[in-house]
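Residues per chain, in single letters:
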Amino acid sequence: MGTAVTLDTEFVRLVNKQTVATPEDARRANRSLLLRALHRDGPLSRADLAKLTGLTRATVSSVVRDLMDDAVVEELGLSTAGGVGKPATLVDVAADGRHVLCLDLSEPARFVGALVDLAGKVVVRRTYERKDRTGTRAVTLVRRICRELVADAERPLLGIGVASPGIVDAAGVVVTAAHLRWTSVPLGPDLAAEFGLPVAVVNDADAAALAELTFGEQTAVNLICVRVDEGVGAGLVLDGRLYAGSTHAAGEIGHVVVVPDGARCACGKRGCLETEVSAPLLTGRLEAADGDGNAVLERAGEHLGTALATVLSALDVADVVLSGSGAVTTDTFRAAAARAIAARTMPVLGDRLVVRAGSFGFDDVLVGAAARVLDHELGIR
Ligand SMILES: [Zn+2]
């Protein structure tokens with residue numbers, strides 16, 4: 001407890017702003033406040049938690065007991081911090097109390113399954129070659145991964161979190177995922193029925209954004225996370241919440257045209273962002289460039305920045321997180337994207353602009369799938 005406790009005023013403000021209509025809403029909001037404080041600043045005493053969240057001591061004690069019953073929070077030893085009065089008992093998130101079974105279906109060549117603890121750490125990871133499986137064969141592989149990880153689990157499972165490419169609705173149905181040839185696949189309901197666990201299905205870019213929001217080192221309540229894999233998509237966090245849009249398609253920027261008369265895209269148009277920035281395409285172009293890939297990366301980064309400039313300006317968002325493997329994690333790509341955005345926006349945005357890598361590297365989508373389950377099951381946000 002040596003470090004000063006910082007009040008997450010922005011988050012408290014947002015939670016307080018939400019309508020708390022029923023006792024269940026209040027309970028979720030209080031659990032959310034406490035878990036968020038512990039995730040960020042734990043371990044903490046109950047008195048610190050009351051101070052941080054503005055809740056009464058009695059409410060804090062009751063919610064902590066509730067969370068301990070669920071094996072989500074645990075008591076540690078006594079505080080060793082100096083000061084007057086008797087030392088207080090510290091509580092913290094019981095990272096290993098429960099695990100979340102997570103799947104990342106976003107990579108072109110493979111599916112990744114994992115068990116993730118409540119602090120967002122990957123405990124077990126299994127990689128499965130996709131071997132071009134699509135449609136029901138891809139669903140069969142997903143079910144097999146779940147079965148094998150359920151067998152691996154050494155802690156009670158809080159739920160299953162699946163990060164899928166494409167558009168996913170609130171019921172966990174993958175409305176469309178072009179690369180997997182999925183249309184209206186009820187992945188969430190089917191897995192819930194088979195495994196008897198709560199299941200959350202989330203778009204892969206949204207998952208990467210949630211990882212940053214829930215477990216990230218920075219405290220951004222407004223950010224856009226751009227995920228580049230087989231396609232290109234973005235997850236939008238506005239006012240501390242993931243923004244879904246009218247049809248759960250917010251952030252689907254991959255088919256914005258950036259090169260009129262450019263290459264033909266799978267969607268039928270020409271010159272979509274995906275035809276300039278997707279991971280397999282960049283890999284191919286970098287190989288063809290034979291050692292001099294800078295021009296390829298700069299061109300791709302500029303196209304992404306061009307597509308983002310209007311979005312960032314409209315929303316007044318200056319924090320851009322890039323997610324994906326290979327090219328998009330290079331400094332050259334990042335710098336080119338930042339230059340393109342700054343050149344196309346007002347200084348009020350450009351001066352604050354940060355284009356950065358995520359806090360979790362390749363694990364961000366898995367960790368974000370876990371964050372979504374925490375969100376559903378514990379009311380973390
Ligand atoms: Zn397209």
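Residues numbered from 1 in each chain as written. Predicted model: local features only at pLDDT ≥ 70, side-chain atom pairs only at ≥ 80, totals over all residues. Heavy atoms only, no water.

Describing the coordination of the zinc ion
Turning to step 1, where the next piece is worked out: For the zinc ion, the protein coordination sphere consists of His255 (ND1), Cys265 (SG), Cys267 (SG) and Cys272 (SG), at 2.0 to 2.3 Å.
Turning to step 2, where the next piece is worked out: Here the zinc ion is ringed by four donor atoms whose angles at the metal span 103 to 122 degrees, and the overall shape comes out tetrahedral.
Turning to step 3, where the next piece is worked out: Read in sequence order, the donor residues coordinating the zinc ion give the pattern H-x9-C-x1-C-x4-C. This pair shows no difference in class: Cys265 is buried, exactly as Cys272 is. (Donors = N, O, S within 2.8 Å, 3.2 Å for Na, K, Ca; no water. Tetrahedral: all angles 85-135°; square planar, octahedral: opposite > 155°, others 65-115°. Buried < 20%, exposed > 50% of the residue type's maximum accessible area, 1.4 Å probe, protein only.)

A look at the sheet that holds strand S16 (residues 354–357)
Turning to step 1, where the next piece is worked out: With respect to topology, five strands assemble into an open sheet ordered S14-S13-S12-S15-S16, the strand pairing being mixed. This sheet does not close on itself; its edge strands, each paired only once, are strand S14 (241–242) and S16.
Turning to step 2, where the next piece is worked out: Here helix H11 (residues 331–343) sits on the sheet and contacts strand S15 (319–324) and S16; the angle it forms with S16, its principal contact strand, is near 160 degrees. (Pairing = 2+ DSSP bridges. Helix = DSSP H or I, 4+ residues; strand = E, 2+ residues; numbered from the N terminus. Contact = heavy atoms within 4.5 Å. Axes fitted to C-alpha atoms, helices over the stretch in contact; angles between N-to-C directions.)

Points about unusual backbone geometry
Turning to step 1, where the next piece is worked out: At the junction of Gly42 and Pro43, the peptide bond is cis and its omega measures out at 0 degrees in the coordinates.
Turning to step 2, where the next piece is worked out: Counting through the fold element by element, Pro43 comes out in the loop between helix H2 (23–41) and strand S1 (44–45).
Turning to step 3, where the next piece is worked out: Despite not being glycine, Lys131 has its phi angle at roughly 50 degrees, a positive value.
Turning to step 4, where the next piece is worked out: Its location among the elements puts Lys131 in the loop between strand S6 (122–129) and helix H5 (135–152).
Turning to step 5, where the next piece is worked out: Taking relative accessible area as the criterion, Lys131 reaches 64% and is therefore assigned exposed.
Turning to step 6, where the next piece is worked out: Residue Asp316 is not a glycine yet carries a positive backbone phi of 55 degrees.

Quick notes on empty space enclosed by the protein
Space left empty within the atom packing is revealed by a probe, the size of a water molecule, rolled over the atoms.
Turning to step 1, where the next piece is worked out: Applying the stated rule across the entire model yields two cavities of 30 Å³ or more.
Turning to step 2, where the next piece is worked out: Its volume calculated, the second largest cavity comes out at about 40 Å³.
Turning to step 3, where the next piece is worked out: Lining the second largest cavity, in full, are Leu105, Ser106, Glu107, Pro108, Arg130, Pro165, His179, Leu180, Asp229 and Glu230.
Turning to step 4, where the next piece is worked out: Class assignment of the residues belonging to the lining of the second largest cavity gives a composition of four nonpolar, two polar and four charged. (1 Å grid on protein atoms, 1.4 Å probe; cavity = no way out; pocket = protein on both sides within 12 Å on 5 of 7 lines; lining within 4 Å. Points joined across faces, edges and corners; volume = space filled by probe spheres on them. Nonpolar A, V, L, I, M, F, W, Y, C, P; charged D, E, K, R; others polar.)

Brief notes about the pattern of salt bridges
Turning to step 1, where the next piece is worked out: Under the defined criterion, the tally for this structure stands at 24 salt bridges.
Turning to step 2, where the next piece is worked out: Several salt bridges share partner residues, and in doing so they unite Arg27, Arg31, Asp66 and Asp70 into one network. (Salt bridge = Lys/Arg side-chain N within 4 Å of Asp/Glu carboxyl O.)

Regarding the nonpolar core
Turning to step 1, where the next piece is worked out: Counting 52 residues, the largest nonpolar core has Leu34, Leu49 and Val73 as its most contacted members.
Turning to step 2, where the next piece is worked out: Beyond its immediate sequence surroundings of up to four residues, Leu49 is in contact with Leu34, Ala37, Leu38, Leu44, Gly54, Val60, Val64 and Val91.
Turning to step 3, where the next piece is worked out: Listed in part, the 31 residues of the second largest apolar core include Leu297, Leu322, Ile341 and Val355. (Core = buried A, V, L, I, M, F, W, Y, C linked by side-chain atoms within 4.5 Å.)

A closer look at the packing of helix H3 (residues 46–53) against helix H4 (residues 57–69)
Turning to step 1, where the next piece is worked out: The contact between H3 and H4 brings their axes to 9 Å, and the two run at 115 degrees. Of the possible angle classes, the one that applies to H3 and H4 is roughly perpendicular. Considering only the axes of H3 and H4, their crossing is right-handed. Packed against H3, whose contacting residues are Arg46, Ala47, Leu49, Ala50 and Thr53, the element H4 presents Arg57, Val60, Ser61, Val64 and Met68 at the interface.
Turning to step 2, where the next piece is worked out: Its residues placed into classes, the contact of H3 with H4 shows six nonpolar, two polar and two charged. (Parallel < 35°, antiparallel > 145°, perpendicular 65-115°, else oblique. Left-handed = near helix turned anticlockwise from the far one by under 90°.)

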